[in-house]
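# Examination of the molecular architecture
Residues per chain are reported as follows:
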Amino acid sequence: DGGITQSPKYLFRKEGQNVTLSCEQNLNHDAMYWYRQDPGQGLRLIYYSQIVNDFQKGDIAEGYSVSREKKESFPLTVTSAQKNPTAFYLCASSDSFGGYTFGSGTRLTVV
Amino acid sequence: DQQVKQNSPSLSVQEGRISILNCDYTNSMFDYFLWYKKYPAEGPTFLISISSIKDKNEDGRFTVFLNKSAKHLSLHIVPSQPGDSAVYFCAALMNNNAGNMLTFGGGTRLMVKP
């Protein structure tokens, strides 16, 4: 079955460390996205990529970095520069008609 | 500035009654509006959508109404069931040079009481 896989489900990081969240899709979608969800808030766009080897900043890109070396993969690195990294992170992909598919998310906690 | 807003953070409804979730938007260039349902620690799942050229779309117990002049849409769930308890996100889709971009509202937590 096609879908999006995010790993790990739960992640703990020490303050000051970088951490990379994985996102893989086998839907053959060109576009991929990273969102962040905080309690009581909607999903805010961190980065997006419309095609391999290209990506753009979203609304809250500061303290994050991404790469898109393969169509299937869009990893997100939360750097030590991100001031409030504890959140629920969602990866998504979309087809050419705008149909979005979401992963099951990664809960990142900074300890 | 938020382009999509859900002004009610929570809603409590009795089982069997109607649930009405509201959403307002500011950008008249949105092409589609979508509703997603989300359980804790899971990704959102698509529920129902409506094109900007329509004013109603129905799918089983779910109906979405769009009032373009008021820039307002609503999701009606009838009859409401305890399994409907979740957070509902309104989202607006725009197709532009950047691709198909979704903008989300802040979500409304629906609680359906047995």
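Whatever comes next refers back to the structure up there.
Residues numbered from 1 in each chain as written. Chains lettered and ligands numbered in written order. Predicted model: local features only at pLDDT ≥ 70, side-chain atom pairs only at ≥ 80, totals over all residues. Heavy atoms only, no water.

### Side note on the pairing of strand β11 (residues 108–113) of chain B
All names here are of chain B. Which entries qualify depends on this criterion: Note on classification: 1.4 Å probe, protein chains only; a residue is buried when its accessible area is under 20% of the maximum for its type, exposed when over 50%, partly exposed between these limits. To qualify as a helix, a DSSP run of H or I must reach at least 4 residues; to qualify as a strand, a run of E must reach at least 2; elements of each kind are numbered from the N terminus. By this definition, two strands are paired if DSSP reports at least two bridges between them.
Side chains Thr108, Leu110 and Val112 project from β11 onto a buried face, and the interleaved Arg109, Met111 and Lys113 project onto a face without burial. In terms of strand pairing, strand β9 (residues 86–96) meets β11 through three bridges, oriented antiparallel. Paired with Tyr88 across the bridge in β11 is Thr108.

### What to know about the sheet that holds strand β1 (residues 4–5) of chain B
Residues and elements named next belong to chain B. Here five strands make up an open sheet; going across it, the order is β1-β3-β8-β7-β6 and the pairing antiparallel. Pairing within the sheet leaves two strands with one partner each, and these edge strands are β1 and β6 (56–59). The pairing of strand β7 (residues 62–67) with strand β8 (residues 72–77) spans six bridges and is antiparallel. In the sheet register, Thr63 faces β8, and the bridge partner there is His76.

### Side note on the state of the cysteines
Residues and elements named next belong to chain A. Our working rule: Here, two cysteine sulfur atoms that lie within 2.5 Å of each other are counted as a disulfide.
In total, this model carries two disulfides over all chains according to the counting rule given. Across a sulfur-sulfur distance of 1.9 Å, Cys23 and Cys91 are joined as a disulfide pair. Between Cys23 and Cys91 the sulfur-sulfur dihedral comes to about -75°; the bridge is accordingly left-handed. With Cys23 in strand β3 (residues 19–25) and Cys91 in strand β9 (residues 87–94), this residue pair connects regions lying 68 residues apart in the sequence. Residue Cys23 is classed as buried on the basis of its relative accessible area of 0%.

### A word on the pairing of strand β4 (residues 31–37) of chain A
A regular strand places its side chains so that they alternate between the two faces of the sheet. All names here are of chain A. Among the seven residues in β4, seven count as buried, and that is most of the element. Residues Ala31, Tyr33, Tyr35 and Gln37 line one face of β4 and the alternating positions Met32, Trp34 and Arg36 line the opposite face, and both faces are buried. Inspection of the sheet shows β4 paired to β9 by seven bridges, in the antiparallel sense. Of the residues in β9, the one forming a bridge with Tyr35 is Leu90. With six bridges connecting them, β4 and strand β5 (residues 43–51) associate as antiparallel partners. The partner of Met32 across the bridge, within β5, is Ser49. Where β4 folds back onto β5 in an antiparallel hairpin, the turn is made up of five residues, including Gly40, whose phi is positive at roughly 75°.

### Considerations on the interface of chain A and chain B
Rules: We call two residues contacting when some pair of their heavy atoms lies within 4.5 Å. Put simply, buried area is the surface a 1.4 Å probe can reach on two separate parts but cannot reach once they are joined, added for both. Criterion for a salt bridge: a side-chain nitrogen of Lys or Arg within 4 Å of a carboxyl oxygen of Asp or Glu. Polar contact criterion, stated in full: a pair of N or O atoms within 3.5 Å, where within protein one must be able to donate a hydrogen and the other to accept it, and residues adjacent in sequence count only if both atoms are side-chain atoms. Note on residue classes: Ala, Val, Leu, Ile, Met, Phe, Trp, Tyr, Cys and Pro are nonpolar, Asp, Glu, Lys and Arg are charged, and everything else, Gly too, is polar.
Taken together, the contact pairs 22 residues of chain A with 16 residues of chain B. Of the roughly 1,400 Å² buried between chain A and chain B on both sides combined, carbon and sulfur atoms contribute 60%. The largest per-residue losses of area from chain A upon contact with chain B belong to A:Leu43, A:Tyr100 and A:Phe102, which jointly make up 32% of the total buried on that side. The interface formed by chain A and chain B holds zero salt bridges in total. Along the contact surface separating chain A from chain B lie six residue pairs in polar contact (both at pLDDT 80 or more). Among the secondary structure elements, those contributing two or more residues to the side of chain A that touches chain B are β4, β5, β9 and β10 (100–102) of chain A. Here the residues of the side of chain A that touches chain B sort into 11 nonpolar, nine polar and two charged.

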